[in-house]
Amino acid sequence: MNLPRLCCLLLLLLSEGTAAQSIALISDLNGRYGNTSYDSRVNDAIETVIRLQPELVISTGDMVAGQKQPSLDQDRLDRMWAGFNLAITDPLARAGIPFAITPGNHDGPGYPEFALERSRFEAQWASRTPEIEVLPGSEWPRRYAARLGGILLATFDGTRPGKLPEDEFLFVECMLHTYSGSAEVTLVFSHLPMWPLAQGREHEILDDPALLELFHANGVDVYISGHHHVFFAGLDPAGMVHLSVGALGLSKRMKNPAPWLDDPGSH
C-alpha cells in the first residue's frame, strides 16, 4: 500500500527524551453522490491505520457524499452515515483509537440550503466525542479544541471558500489565545486549504490573510486540510507547515501539483 497517497502518518517528537506521538490523517473518503458503501482502498487504509496503532486518527472532512441539489432525504443521509460507521468509525472504536473529525463541504456544508445535511452531520457525531481531552469552550462536533498529551488540536468550520465568517474567526482566536501558550505542538485542521494546491480548484481555499496571521501569531505549527484531493506538505514564508491529505474516496483526482507551488507568496 502506498500509505502517503492514501493517508498520512504524522509523527511528533514533543520534547527531548520523550517518545514520538503518532497521528494518522485521512480525508475525502466519499464516493459518488448518495453512496452508502466505500471503495476497498478505504477499507485497506483503515486496516493499515489499525495495524499501526496511532494515538489518534483525524479526518479532514467529506466522509459521506452529500451536497447536491435536489438534496437527499434524512433516511438516505442516515443510511450513508451508517455505512461510514460500518467501514470507518466502528473499526477504529473497536481498536481503541480515538477519532477526531471536522466537517467537509460534502458531509456538513455550511450553506443554508444544506441545513438537513448539516443537522445529520451533527446528529452523527453528537454522541461520538473522541477519547481525548476536549477543552472548555468547544462546540463539538463542528468546532472545538482538544489536547492529546502536549499537542493542542483546534478545528473549525472551514467548508466555505473565501474569508472565514467573523464568528468562526473569533472562535479560532479564542481557542488559540486560551490554549496555545501551554502546548508543545499546535495543530489546526479543517477542510479547505489556505493555498491553491491543485489545478482546477484555485479558488476553493480559505483566502484569509488575517486567519493566517492569527496562526502565525499564536505559534501554530501545522495546518492540515483536505478537499483538493492531493498530498502536499510544505512551508509557508513564516515557516508554518501546510499539509494537504490526499483523497481516499472515488472522487475525481485533481492535477498535482499546481504550477505556482514553488512560490506560495504569489497566492
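On a predicted model such as this, the values are computed, not experimentally measured, just so you know.

1. A closer look at the overall build of the chain
So, step 1. If you tally the helices and strands in the chain, you get six helices and 11 strands.
So, step 2. Residues counted as buried form 55% of the 267 residues belonging to the chain.
So, step 3. When contacts within the chain are restricted to residue pairs at least 6 apart in sequence, those whose partners lie at least 24 apart make up 73%.
So, step 4. For the chain, the accessible surface area stands at approximately 11,300 Å², while carbon and sulfur atoms represent 52% of it.

2. Observations regarding the sheet that holds strand 2 (residues 21-26)
So, step 1. One open sheet holds the four strands; their spatial order is 1-2-3-4, and the pairing between them is mixed. Strands at the two margins of the open sheet, each flanked by one partner only, are strand 1 (8-12) and strand 4 (99-101). If you compare each strand with its neighbour and ignore which way they point, the axes differ by 25° on average.
So, step 2. Looking at chain direction, strand 3 (residues 56-59) and strand 4 are connected through three bridges and run parallel. Residue pairing for strand 4: Val57 is matched across the bridge by Phe99.
So, step 3. Each of strand 2, strand 3 and strand 4 is contacted by helix 3 (residues 74-94), which is oriented at about 130° to strand 4, the strand it contacts most.

3. Things to note about the pairing of strand 3
So, step 1. Both faces of strand 3 are covered, namely the face carrying Leu56 and Ile58 and the face carrying Val57 and Ser59.
So, step 2. Both strand 2 and strand 3 contribute to a ladder of four bridges, which runs parallel. If you follow Ala24 over to strand 3, its bridge partner there is Val57.
So, step 3. Crossover connection from strand 2 via helix 2 (residues 40-52) to parallel strand 3: handedness right-handed.

4. Brief notes about helix 6 (residues 209-217)
So, step 1. For helix 6, every residue scored as buried is listed here: Leu211, Leu212, Leu214 and Phe215. For helix 6, the arc enclosing every buried residue in end-on projection is 155°, short of the 170-degree limit, so these residues lie on one face. Those residues of helix 6 that are exposed and angled more than 90 degrees off the buried face are Pro209, Glu213 and Ala217.
So, step 2. Those residues of helix 6 hidden inside the fold are in contact with helix 5 (166-179), strand 8 (185-189), strand 9 (222-225) and strand 11 (241-244).
So, step 3. Positive backbone phi, at 70°, marks Gly219, one or two positions downstream of helix 6.

5. Quick look at the environment of Val64
So, step 1. Note that Val64 resides in the loop between strand 3 and helix 3.
So, step 2. Note on Val64: relative accessible area 2%, which makes it buried.
So, step 3. Sequence spacing of Val64 and Ala82 is 18 residues, and the spatial spacing of their C-alpha atoms is 10.0 Å.
So, step 4. The residues contacting Val64, other than those within four sequence positions of it, are Asn30, Tyr38, Met80, Trp81, Phe84, His106 and Asp107.

6. Some points on the layout of surface pockets
Remark: the empty space left among the atoms is shown by a probe the size of a water molecule rolled over them.
So, step 1. The space that makes up the largest pocket amounts to roughly 210 Å³.
So, step 2. Forming the walls of the largest pocket are 13 residues, and the residues nearest its centre are Ala93, Ile97, Phe99, Thr129 and Pro130.
So, step 3. Here the lining of the largest pocket takes four residues from helix 3, the largest share from any one element.
So, step 4. Among the residues forming the lining of the largest pocket, the class breakdown is seven nonpolar, three polar and three charged.

Rules and cut-offs
Residues numbered from 1 in each chain as written. Predicted model: local features only at pLDDT ≥ 70, side-chain atom pairs only at ≥ 80, totals over all residues. Heavy atoms only, no water. Helix = DSSP H or I, 4+ residues; strand = E, 2+ residues; numbered from the N terminus. Buried < 20%, exposed > 50% of the residue type's maximum accessible area, 1.4 Å probe, protein only. Contact = heavy atoms within 4.5 Å. Areas by Shrake-Rupley, 256 points an atom, 1.4 Å probe, with all protein chains shown as cover. Pairing = 2+ DSSP bridges. Axes fitted to C-alpha atoms, helices over the stretch in contact; angles between N-to-C directions. Right-handed = clockwise from strand over helix to strand, strands pointing away. Arc of directions from axis to C-beta. 1 Å grid on protein atoms, 1.4 Å probe; cavity = no way out; pocket = protein on both sides within 12 Å on 5 of 7 lines; lining within 4 Å. Points joined across faces, edges and corners; volume = space filled by probe spheres on them. Nonpolar A, V, L, I, M, F, W, Y, C, P; charged D, E, K, R; others polar.

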